[in-house]
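Below are the chains, spelled out letter by letter.
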Amino acid sequence: MAEFLKQSGFFGTHATMGADLSQLMAAVFTTLFVIGWLQARQRQGHVHHWLMLSGMIAMLAFFTSYYLFRSLGVLAFEGKEGFGGSEALYHNVFIPLLTFHIMLVVIGIVMAVYMIVLGFRSQAIVEGKRVLRDALLQTSWGKVGKIFGSIAAVLVGLFLWRVATAGFSVRKLEVYLGFVILIGIVFAVEMAIQRIWPNGERRHRALGLFTMIVYCVLFVTGSLTYTMLYILYPGKIG
Ligand code: HEM
């Protein structure tokens, strides 16, 4: 599989099969989510629910397994070899663009999981139609603390298991600690957001719009990165 992903891609650019597959899937998923968004705007809650739910799960599954195989644009982070443009262009345009893109990827992953949970928590079936419940939807600090504690305990358990089977490394500690900190930040931000939009329906609509904007910008920044790396300024590594 790793070998297959390294072959020349199908778009006829300097990209590998892996990069082309990723770009194609990014286009497919973005189109799918925009369709799901239009369905929500047309008050088709039921089809919107199915499309968003299956689309987000498929997207998470595809990109996680894909990144595990092809340690992504790590190439771009590892050194300048992958980029054939000038030094100034690399530092002033390419790296800021890639950094922004990766930040959006992290936000996009968190929002995918969060919106699915919020979708289920804020929905109601009224006369056979799936709608959003116009009601207060708030979680207490105690409950959030318990959920966070359980997730942190699972991560600590996983970390200890990895240390026992594969040995300790600072890298492992950083990754697991990073996850715990990220989840802590997400819960803290979520509690603040609950104060801004205590109403479940308004929260789903506001954060849904935010998520959709993130996905559209993600597609643009991803495509720009692809264009710079594989069309305009291809480097030594394809
Ligand atoms: C996972 C990503 C999701 C995103 C980005 C998202 C986004 C949105 C947005 C932007 C709206 C408001 C549209 C508008 O009025 O302008 C909306 C409405 C709605 N969403 Fe979601 N949603 C997601 C998942 C879900 C899920 C999983 C469910 C159900 C379990 C759900 C149920 C609904 C319902 C019932 C509506 C109301 C439709 C209506 O106005 O009749 N959504 N969503």
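Scroll up a little and you will see the structure.
A brief report on the enclosed structure follows. Keep in mind it's a predicted model, so treat the numbers as computed, not measured. (Residues numbered from 1 in each chain as written. Predicted model: local features only at pLDDT ≥ 70, side-chain atom pairs only at ≥ 80, totals over all residues. Heavy atoms only, no water.)

**A short note on the pattern of salt bridges**
Evaluation of the coordinates by the stated rule reveals 3 salt bridges. Ionic pairing is found between E3 and K6, a salt bridge with its closest N-O pair at 3.9 Å. Of this pair, E3 and K6 both sit in helix α1 (residues 2–6), 3 residues apart, which is roughly one turn of the helix. There is no split in this pair, since E3 and K6 are both exposed. R171 serves as the salt-bridge partner of E174, at 3.7 Å between the closest nitrogen and oxygen. Note that E174 and R171 are positioned in helix α7 (residues 170–196) at a spacing of 3 residues, about one turn of the helix. Classification of R171 by relative accessible area gives exposed; the value is 57%. (Salt bridge = Lys/Arg side-chain N within 4 Å of Asp/Glu carboxyl O. Helix = DSSP H or I, 4+ residues; strand = E, 2+ residues; numbered from the N terminus. Buried < 20%, exposed > 50% of the residue type's maximum accessible area, 1.4 Å probe, protein only.)

**Some thoughts on the coordination of the iron atom of the ligand**
Six octahedral donors around a metal ideally make angles of 90 or 180 degrees; four tetrahedral donors ideally make 109.5 degrees. For the iron atom of the ligand, the protein coordination sphere consists of H48 (NE2) and H204 (NE2), at 2.1 Å. Coordination at the iron atom of the ligand is octahedral: its 6 donor atoms span angles of 88 to 179° at the metal. Of this pair, H48 sits in helix α3 (residues 45–69) while H204 sits in helix α8 (residues 200–232), and the two are 156 residues apart along the sequence. H204 carries the same exposure label as H48, and that label is buried. (Donors = N, O, S within 2.8 Å, 3.2 Å for Na, K, Ca; no water. Tetrahedral: all angles 85-135°; square planar, octahedral: opposite > 155°, others 65-115°.)

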